[in-house]
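The primary structure of each chain is shown beneath.
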Amino acid sequence: MSDTQHVKDDFWRESVKVLAERLASTPEGLSAGEADARLTRFGPNVLAPKKGSGLLRKLTHRATEPLVLILVAAALVSGLAGDIVGLWMILGILLVSITLDVVQEYHAERAADALKQSVALACDVIRDGKVASIPTEAVVPGDVVSLSAGDLVPADGVVLSATALHANQAALTGEAYPADKEPTPAQTDDMAEATNALFMGSSIVSGSGKMLVVATGAATRFGALAESMAGNEAPTAFERDMRRFGLLIVRLTGVLVVFVLAVHLAFSRPAMESVLFALALAVGLTPSLLPMIMTVSLSRGARRLAAGGVIVKKLTALHNLGSMDVLCTDKTGTLTESRIALTAHIRADGADDEAVFNLAWLNSHFETGLKSPLDEAILAHGAPADSAEWTKLDEVPFDFERRRVSVLLARADKTRLIVKGAPEDILAHCSGIEGRDSACLPLDAAARARLMALHDGYASEGQRLLAIAIREMPADTKTCTIADECDLTFVGFAVFLDPPKASAAATLDALKKAGVAVKIISGDNELVVAHVARALGLDAGAVMTGREIAALDAPALKVRVARTTLFARVDPVQKRRVILALQARGHVVGYMGDGINDAPSLKAADVGISVESAVDVAREAADLILTKPDLGLVATGAMEGRRTFANIMKYIRMGTSSNFGNMVSMAASSLFLPFLPMLPVQILFNNLLYDVSETGIPLDTVEPGELDHPQLWDMKALYRFTFAMGLLSSVFDIATFLVLFLAFKATPELFRTAWFAESMATQILVIFVIRTRMPVWRARPHPALVISSLAALAMALITPFTPLGSALGFVPIPAQLGWVLVAIVATYLVLAEGVKRWAIPAKLRPVRRR
């Protein structure tokens with residue numbers, strides 16, 4: 001054996017003999033010495049710990065993003081120009097933003113660690129021919145493990161022997177019903193159909209058995225999940241958009257700075273003055289308040305959602321939730337109640353009959369051993385009226401070969417054997433059918449065909465059936481055996497289903513109207529998934545299975561996912577592939593899940609959503625936690641995310657257009673004026689006041705139309721808006737220059753003061769124009785935005801008449817010039833209202849996808 005575990009993906013296909021020879025093991029297990037040697041060779045049976053990146057590495061990664069580098073440079077320039085307030089303001093905002101992001105990264109690291117807490121702490125193995133209890137970490141390949149009801153499976157392996165062995169694999173496969181386990185090799189590629197395989201992380205529901213350990217630790221299916229959780233996280237939609245925006249600012253700033261600096265030096269302007277002026281222009285272009293606007297907007301949205309039952313772990317996830325246009329979800333617990341319910345108890349003619357239920361209840365009540373979920377569903381309906389009249393005499397327990405359980409009961413007038421189990425096995429031992437009047441009708445071939453057709457009709461809708469049969473026994477019968485399970489009379493079927501939630505259909509319809517397509521990705525079989533989809537009004541169409549996904553490469557899967565709504569029998573890796581394929585088509589994908597098998601998908605999605613009752617690893621991997629498994633909370637969260645996104649985009653549109661226009665005006669005018677149009681310190685003061693004016697944006701109201709569809713950063717629209725509004729601003733800036741220079745023969749000090757006043761007035765007042773797609777007089781801004789904007793404007797207009805103004809190089813503005821500036825500003829605002837209607841569409845349209 002090598003020092004590395006080489007485990008076939010479908011190890012359950014091989015016979016026990018072949019696996020035992022390869023693992024050098026026997027039914028009596030390993031010797032203690034050999035087990036110790038293998039423990040040294042392969043390592044402990046634990047999931048490989050994630051090597052978390054250090055704090056310095058996290059800070060470096062965050063600090064090297066384009067937008068952050070721009071803002072750091074802007075802060076340094078502010079300091080060099082003497083604007084100490086601006087320096088500390090920008091650095092403070094960045095520090096808070098980076099700290100919040102770094103803290104959030106630790107959630108992903110703890111997700112991998114949480115997986116280790118979900119496995120068994122101790123188990124029984126056979127060493128030196130004797131059963132010994134050892135720590136789970138000491139299990140090695142080749143060990144023989146003894147399992148019984150209630151045990152957690154400590155590793156991956158195959159069944160050696162089984163007695164009525166059932167395992168709960170829901171956390172790994174999504175299958176709601178316990179899986180039957182027996183030793184015969186399963187010739188399938190689907191782990192959910194591997195009836196002879198047991199997997200780490202699953203649990204034994206009933207029965208007992210032995211397993212041969214094939215893989216431990218990181219080599220298990222569970223370990224593959226841990227490895228995927230420990231990998232580097234791909235950037236989300238929000239992070240990709242912010243990087244693109246940062247690169248846009250870098251390009252604009254770089255071109256402007258290099259151009260101005262080159263021309264100034266070519267005209268023999270003072271070198272230091274030219275450098276400071278160019279750098280001040282660069283600061284003016286940077287959206288220095290963007291981290292604060294985003295943090296406040298996202299935090300406010302998170303607080304509103306928390307009040308409604310949604311806990312936001314990662315602030316940027318709120319933006320992604322607003323941009324989400326595809327929601328992938330498992331059905332169990334989200335679309336269904338996550339509990340097996342008895343939905344019908346029917347006779348041979350398909351009619352519901354309480355007598356069928358009464359017999360099923362007596363069987364489930366009197367059988368011993370751990371109750372299955374199907375038994376619990378039957379017992380949850382309450383005892384029949386005559387239940388106290390019956391006394392148990394004997395029982396033939398369930399086993400995998402028979403797939404049925406029999407109880408012998410007696411009361412004053414009769415002794416009866418009640419048998420419950422798999423329909424095909426029960427019918428094989430029946431000779432008659434109980435009719436409506438309790439008469440026994442013959443069970444001929446035609447009757448058997450009708451019963452199986454009735455069974456198949458329910459099964460095709462994803463429902464599980466148990467057959468109920470009886471045999472009247474002699475009054476003196478006290479015991480029963482398997483031999484008594486013959487010549488039975490078929491009574492009826494008990495029908496089970498994990499029922500759809502009452503609220504799910506309405507929520508799915510609301511998501512559809514909001515532009516969010518819902519896709520079901522489940523480990524359950526295709527019949528169940530299709531039935532749930534139809535019950536909830538989803539367009540079921542063709543169901544794509546895990547086997548089909550495995551056969552496709554990435555480009556082919558990218559094509560198929562576009563026209564597929566339902567995915568069934570998929571394993572965790574295939575779930576993740578579906579999400580990545582949707583993202584490759586340009587979709588912003590949300591994923592909702594609560595099991596171990598959902599963890600990789602939660603991490604891969606742009607926004608991972610889990611519930612408070614989920615397993616630890618799912619909660620840790622998620623970005624949002626719902627206090628209850630209700631899709632309605634997701635719909636509410638999406639609306640809040642869109643509201644937050646709308647306000648962030650207001651700041652970006654305002655900042656880029658106004659800053660771009662003013663900086664272009666200053667750069668152009670500085671080439672022809674005999675003096676600088678504004679001193680570096682005045683540019684920085686202008687930028688500071690404008691940022692203050694926009695601090696009320698996170699609280700601003702949002703128009704209903706902006707909540708109708710998922711919203712993404714439309715860079716083409718942003719370019720169009722920036723250049724349209726920026727150039728309009730530059731036209732009026734140049735008009736102001738001409739008036740000042742030609743009509744008023746303004747001195748450099750008056751020129752700078754007048755243009756500062758005009759620039760601040762146009763930048764701030766146009767906020768009320770471009771904050772809305774509607775006419776400005778029909779849209780009411782939030783009072784906080786009104787106060788912050790007008791306060792900043794008042795400060796700008798008063799400053800030239802104060803000592804601070806003198807220190808900055810400003811002088812009082814004559815009244816006549818003041819009225820001219822008012823006329824220029826008013827004309828600009830009127831034209832801005834018209835240009836806005838072209839630059840911003842009056843009605844938002846959903847973003848087209850590939």
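Scroll up for the structure.
In this report, the structure presented in the accompanying data block is examined. The structure displayed is predicted, hence computed values, not measured ones. Throughout this description, residue numbers start from 1 for each chain and increase along the sequence as written. Local features are withheld for residues below a pLDDT of 70 in this predicted model, meaning they are given only at 70 or higher, and side-chain atom pairs are given and counted only at 80 or more; totals for whole chains, interfaces and linings count all residues. The side-chain values count all of the structure's non-hydrogen atoms but skip hydrogen atoms and water molecules.

1. Section: the overall build of the protein chain
1) Next: Tallying secondary structure elements over the protein chain gives 30 helices and 23 strands in all.
2) Next: Relative accessible area decides the class of each residue, using a 1.4 Å probe on protein chains only: under 20% of the type maximum gives buried, over 50% gives exposed, and in between gives partly exposed. Burial status across the protein chain gives 56% buried among its 850 residues.
3) Next: Whether two residues touch is decided by their heavy atoms; if any such pair falls within 4.5 Å, the residues are in contact. Counting only contacts in the protein chain whose residues sit at least 6 apart along the sequence, the fraction spanning at least 24 positions is 74%.
4) Next: Just so you have it, the protein chain exposes about 33,900 Å², and 62% of that area is on carbon and sulfur atoms. Helix and strand definitions follow DSSP, with helices as H or I runs of at least four residues and strands as E runs of at least two, each counted in order from the N terminus. Under the convention used here, a 1.4 Å probe and the Shrake-Rupley method define accessible areas, while residue burial counts only the protein chains that appear.

2. With respect to the sheet that holds strand E8 (residues 310–312)
1) Next: Strands were regarded as paired on the criterion that DSSP finds at least two bridges between them. If you walk across this open sheet you meet the eight strands as E8-E23-E22-E21-E9-E18-E20-E19, and the pairing is mixed. A single partner strand is all that each edge strand has here, and the edge strands are E8 and strand E19 (543–545). Along the sheet, successive strands turn relative to each other by an average axial angle of 20°, direction set aside.
2) Next: Alignment of strand E21 (residues 589–592) against strand E22 (residues 607–611), held across three bridges, turns out to be parallel. The axes used here are C-alpha line fits, helices contributing only the stretch in contact, and every angle between their N-to-C directions lies in the interval 0 to 180 degrees.

3. Some thoughts on unusual backbone geometry
1) Next: Here Ala24, not a glycine, exhibits a phi torsion of approximately 55°, which is positive.
2) Next: With respect to the helices and strands, Ala24 occurs in the loop between helix H1 (16–23) and helix H2 (32–42).
3) Next: Given a relative accessible area of 49%, Ala24 falls into the partly exposed group.
4) Next: The backbone of Lys745 sits at a positive phi, close to 45°, despite the residue not being glycine.
5) Next: Along the polypeptide, Lys745 turns up in the loop between helix H25 (715–743) and helix H26 (748–765).

4. As for the pattern of salt bridges
When charged atoms on two side chains of opposite charge get close, those side chains can pair.
1) Next: What makes a salt bridge here is a side-chain nitrogen of Lys or Arg within 4 Å of a carboxyl oxygen of Asp or Glu, nothing more. Applying the stated criterion across every chain yields a total of 26 salt bridges.
2) Next: The salt bridge partner of Arg771 is Asp700, with a shortest N-O separation of 2.7 Å. Note that Arg771 is positioned in the loop between helix H27 (767–770) and helix H28 (783–798) and Asp700 in the loop between helix H24 (680–693) and H25, a separation of 71 residues in sequence. In this pair, the class of Arg771 matches that of Asp700, namely buried.

5. Things to note about the packing of aromatic side chains
1) Next: Ring geometry is summarised as follows: Phe, Tyr and Trp rings, the Trp one being its six-membered ring, pair when their centres sit within 6.5 Å, and such pairs are stacked at plane angles under 30 degrees, edge-to-face over 60 and tilted between the two. All told, the structure shown has 10 aromatic pairs when counted by the stated rule.
2) Next: For the ring pair Phe11 and Phe199, a centre distance of 6.2 Å and an interplane angle of 65° mean the geometry is edge-to-face. In this pair, Phe11 is assigned in the segment before H1 and Phe199 in the loop between strand E6 (197–198) and strand E7 (203–215), connecting sequence segments 188 residues apart.
3) Next: Residue classification places Phe199 among the buried residues on the basis of a relative accessible area of 1%.
4) Next: Ring-pair connections join several aromatic residues into one group, and the members of that group are Phe675, Phe737, Phe751 and Trp755.
5) Next: It is Arg653 that lies over the ring of Phe721; its NZ or CZ is 5.9 Å from the centre.
6) Next: The aromatic ring of Trp838 is capped on one face by Arg720, whose charged end is 5.8 Å from the ring centroid. Only lysine NZ and arginine CZ atoms are considered, and such an atom sits over a ring when it is within 6 Å of the ring centre and within 35 degrees of the ring normal.

6. Focus: the pairing of strand E2 (residues 130–135)
1) Next: Pairing geometry for strand E1 (residues 122–127) and E2, over six bridges, is antiparallel. Pairing of Ile126 across the sheet is with Val131, part of E2.
2) Next: Between E1 and E2, which pair antiparallel one after the other, the connecting turn spans two residues, and Asp128 there sits at a positive phi close to 55°.

7. With respect to the packing of helix H23 (residues 631–669) against H25
1) Next: Close contact between H23 and H25 brings their axes to 7 Å; oriented N to C, the two are set at 40°. Looking at the two axes, H23 sits oblique to H25. Handedness of the H23/H25 crossing: right-handed. Residues Ile652, Arg653, Thr656, Ser657, Phe660, Gly661, Asn662, Val664, Ser665 and Ser669 of H23 form the contact with H25, whose participating residues are Leu718, Phe721, Thr722, Phe723, Met725, Gly726, Ser729, Ser730, Asp733 and Phe737.
2) Next: Under the scheme applied here, ten amino acids are nonpolar (Ala, Val, Leu, Ile, Met, Phe, Trp, Tyr, Cys and Pro), four are charged (Asp, Glu, Lys and Arg), and all others, including Gly, are polar. For the contact of H23 with H25, the per-class residue count stands at eight nonpolar, 10 polar and two charged. Roughly parallel means an angle under 35 degrees; roughly antiparallel means over 145; roughly perpendicular covers 65 to 115; every other angle is labelled oblique. Each crossing gets its hand from how the near helix is turned against the far one by less than a right angle, where anticlockwise is left-handed and clockwise is right-handed.

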